[in-house]
Every structure is written in C-alpha cells, then in structure tokens.
Amino acid sequence: RAQPRREWPVSVHQRKRGQAAFTHHPLTRGPPVGVTSLEDVPAEIEAQFRAAEKGVLDYVRVRLTFQIHNVDAVLGHKRAMLTAAVKAYDPLLRSQHPVAVAAARFRQGSLHQDFAEELGRARPPEAFLPAVAAPIRARIHQESGTHLRLAAEAYRQAMAVGDVTAERWRREAATLEA
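These remarks concern the structure in this document.

What counts, and at which threshold
- Residues numbered from 1 in each chain as written.
- Predicted model: local features only at pLDDT ≥ 70, side-chain atom pairs only at ≥ 80, totals over all residues.
- Heavy atoms only, no water.
- Helix = DSSP H or I, 4+ residues; strand = E, 2+ residues; numbered from the N terminus.
- Buried < 20%, exposed > 50% of the residue type's maximum accessible area, 1.4 Å probe, protein only.
- Areas by Shrake-Rupley, 256 points an atom, 1.4 Å probe, with all protein chains shown as cover.
- Polar contact = N/O pair within 3.5 Å; in protein donor to acceptor, adjacent residues only side chain to side chain.
- Expected span 1.5 Å × (residues − 1).
- Arc of directions from axis to C-beta.
- Contact = heavy atoms within 4.5 Å.
- Salt bridge = Lys/Arg side-chain N within 4 Å of Asp/Glu carboxyl O.

### A short note on the overall build of the chain
So, point 1. Looking only at helices and strands, the chain has seven helices and zero strands in total.
So, point 2. Taken from the N to the C terminus, the helices and strands of the chain come in the order α-α-α-α-α-α-α.
So, point 3. Out of the 178 residues in the chain, the part that is buried amounts to 46%.
So, point 4. Within the structure as shown, the chain displays about 9700 Å² of accessible surface, and the carbon and sulfur contribution to it stands at 56%.

### Some remarks on the side chain of R29
So, point 1. Mapping R29 onto the fold places it in the loop between α1 (12-16) and α2 (43-60).
So, point 2. Relative accessible area serves as the criterion here: at 4%, R29 is assigned to the buried category.
So, point 3. For R29, the side chain forms a polar contact with the side chain of Q113, separated by 3.4 Å.

### Considerations on helix α3 (residues 71-87)
Along an α-helix, a turn takes 3.6 residues, which lines up residues three or four apart on a common side.
So, point 1. Between its terminal C-alpha atoms α3 stretches 24 Å, which fits the 24 Å expected from 17 residues at 1.5 Å a residue.
So, point 2. Within α3 the residues assigned to the buried category are V71, V74, L75, K78, L82, A85 and V86. Along α3, the residues classed as buried sweep out an arc of 100 degrees about the axis, all on the same side. Pointing more than 90 degrees away from the buried face of α3 are the exposed residues D72, A73 and K87.
So, point 3. Looking at the buried residues of α3, the elements they touch are α2, α4 (90-94), α5 (98-121) and α6 (130-159).

### Comments concerning the pattern of salt bridges
So, point 1. All told, the structure shown has 10 salt bridges when counted by the stated rule.
So, point 2. E117 is the partner of R29 in a salt bridge, and the nearest nitrogen-oxygen pair spans 3.0 Å. Taken together, the residues R29 in the loop between α1 and α2 and E117 in helix α5 connect sequence positions 88 residues apart.
So, point 3. Between R170 and E167 there is a salt bridge whose closest N-O contact spans 2.2 Å. Separated by three residues within a single helix, R170 and E167 lie in helix α7 (residues 167-177), roughly one turn from each other.
So, point 4. Through salt bridges with shared partners, one network takes in E167, R170 and R171.

Written out as structure tokens, the structure reads:
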C-alpha cells in the first residue's frame, strides 16, 4: 500500500534562494515514526523503541545542503546522525521479541534508503569546477549504492521474522524491498 508523500514547508531562507519544498521524509515509509507503538512487548522494549524513534526524528532534521567550503563536513555530520539512528535500534534486535526485531530492521532499512535517496538528490555546489565536482559526484553516487544495498538487506531481514506479531512490519518491508 503506497502512502502519500507529505509536502514539508519551505523556510523563508529557502524560498529566497528559490529552493523547492522538501518532499521526501522517512515518515512516509511504513508505520508513522514517533507515534507507532509495538504490541505485546514489555514496557522496557517499548521505551527502547520510542527512544530509537526519536533518533530518526533527529536524523531527519539534518539536511544535505552543501556550500563550497563544507561538503565533507555536511556529509560527515549526516552520516554520523545516520549511524546513531541505526544503532539506536540495536537493543531491539538483541531483545528477541519478533515484533521488535522486525520493526528495528524495517526502520534501519528505511534510514539507509532515505540516506541513499538523499545522496542521489545531492549536488556539489555549482561554484565547483567540473574537475572538482566530478569526483565528489562519483563518491556520493557510490555511497548511495552502498546504502541502497544495506536497505534491501535490512528489509529482507525484517521479512524473515516468522512470528505473526511482526506481520505489519513484514508487509511494509516486502513492499519496499521489491
């Protein structure tokens, strides 16, 4: 089941520079981030899930907006936020509760997919000479492919959870992995 894309507001600063609204958000994949709860899990597991969901929201707030002097710094910061958000789901993987494991793998896949897509849309600053921009584009493209593979693997792992309580997450993963 495809979910509609949400249109996120454009800041005044973005509007002055002629940038379009940010139309993709990981909240559009799967059960809504920050408001979804896990069924039939102990309160401790639910608390870990909620904490991990906050990590997703923190990750989303960081945008890949390059200027001539900060390409590596912006990429590094976004990558660090991605790593922190993905690792926040690791305690759920160790919990052995099928719904928690499936939800964690799904969210990890969604995070990697989001990063890959954001990298795919990223462009080096126009002020860069072509000889400087080309290797940056190639590096970004290569990293995007890596994260798409990581997303597909995480979705496959979510689909592999065999418990009936994980059905919601398996269905969502199957939709995105295909």
